[in-house]
Amino acid sequence: MQAKYSDKYSLEHSMIGYLGIELISEEEGLVKAKMPVNEKTSQPFGVLCGGASLAFAEIIAGYGSFLYCGENEIPVGSSVSGNHISSVKTGDDVWVYAVAKCLHHGRRTHIWNVDIFNKDEKLISTVRVTNFIVEDKLKSWK
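Predicted model only: the values in this text are computed from it and were never measured.

The next thing to look at is the overall build of the protein. Tallying secondary structure elements over the protein gives 3 helices and 6 strands in all. Each helix and strand of the protein, ordered N terminal to C terminal, gives the series α-α-β-β-α-β-β-β-β. Compactness check: the protein gives a C-alpha radius of gyration of 15 Å against a globular reference of 14 Å for 142 residues, within 12% of the reference. Counting only C-alpha atoms and orienting by the principal axes, one finds that the protein spans roughly 40 × 30 × 25 Å. By the burial criterion, 40% of the 142 residues in the protein qualify as buried. In the protein, the share of contacts with a sequence separation of at least 24, taken over all contacts with a separation of at least 6, comes to 60%. Each charge sign in the protein was given a centre, from 15 positive and 17 negative side chains, and these centres are 3 Å apart.

Moving on to the pattern of salt bridges. Tallying each qualifying case throughout the model produces 2 salt bridges. Two residues, E22 and K34, come together in a salt bridge whose shortest N-O distance is 3.9 Å. Placement of E22 in strand β1 (residues 22–27) and of K34 in strand β2 (residues 30–36) is noted, with a sequence separation of 12 residues between them. Given a relative accessible area of 39%, E22 falls into the partly exposed group. In this structure K34 comes out as partly exposed when scored by relative accessible area, which is 21%.

So, on to the nonpolar core. Residues I21, M35, L48, F56, I60, V96 and V114 are the most contacted members of the largest nonpolar core, which totals 29 residues. Sort the elements by how many residues they give to this core and helix α3 (residues 50–68) lands first, with 10 residues. With sequence-adjacent residues up to four places away left out, I60 is seen in contact with I21, V31, A33, A98, A100 and V114.

This brings us to the pairing of strand β6 (residues 123–135). Where strand β3 (residues 73–84) lies against β6, 11 bridges are found, and the strand directions are antiparallel. The partner of V76 across the bridge, within β6, is F132. Looking at chain direction, strand β5 (residues 109–117) and β6 are connected through 9 bridges and run antiparallel. Opposite N113, over in β6, you have R128 as the bridge partner. Here β5 folds back onto β6, and the loop between the two strands holds 5 residues, one of which, E121, carries a positive phi near 65°.

Basis of the calculations
- Residues numbered from 1 in each chain as written.
- Predicted model: local features only at pLDDT ≥ 70, side-chain atom pairs only at ≥ 80, totals over all residues.
- Heavy atoms only, no water.
- Helix = DSSP H or I, 4+ residues; strand = E, 2+ residues; numbered from the N terminus.
- Rg over C-alpha atoms; globule rule 2.2 N^0.38 Å.
- Buried < 20%, exposed > 50% of the residue type's maximum accessible area, 1.4 Å probe, protein only.
- Contact = heavy atoms within 4.5 Å.
- Lys, Arg positive; Asp, Glu negative; His and termini not counted.
- Charge placed at Lys NZ, Arg CZ, Asp CG, Glu CD.
- Salt bridge = Lys/Arg side-chain N within 4 Å of Asp/Glu carboxyl O.
- Core = buried A, V, L, I, M, F, W, Y, C linked by side-chain atoms within 4.5 Å.
- Pairing = 2+ DSSP bridges.

Dropping the structure here:
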C-alpha cells in the first residue's frame, strides 16, 4: 500500500507541511487544496511569493499524478510554468485555493493545469505542470 501525500509523516517532513498546504478534495483527474498566505509563503514585503504558488501547484499536480500511479511508480515534475495575474497580501487566516485538472493522462506523462484563486475566487495564478511517471527505485513509499 502506498503512503499518501496527506499522511502525518509527509505533512511533517516535506514542503507540503512547511508551506501549510491542506488537501480539500481528491478524485481521479481533479485535486483541490489550500495554502496559507503567511511568513512562510510570502515575499519580504508581505505578498504571496510566486515561487510558493509554483511549489503549491507542483505539489498538488504531483499528488494528482500519484493517484494514477501503480504500486512501484512515483510522479516527478519535469516542467512547471506559471503566470501570476494578481497579488494576495499576507494576514491572519488568509488562504489561496487551487484546483488542479489533469489535461493529459498518458502512461508515462501527465499534464496538469492548476488555477490558484483567492477567497473571492479571483484568479491569482495559472500554472501548467508536466509530470513524468517513473519507477520508484528507492522504494521511498514503502
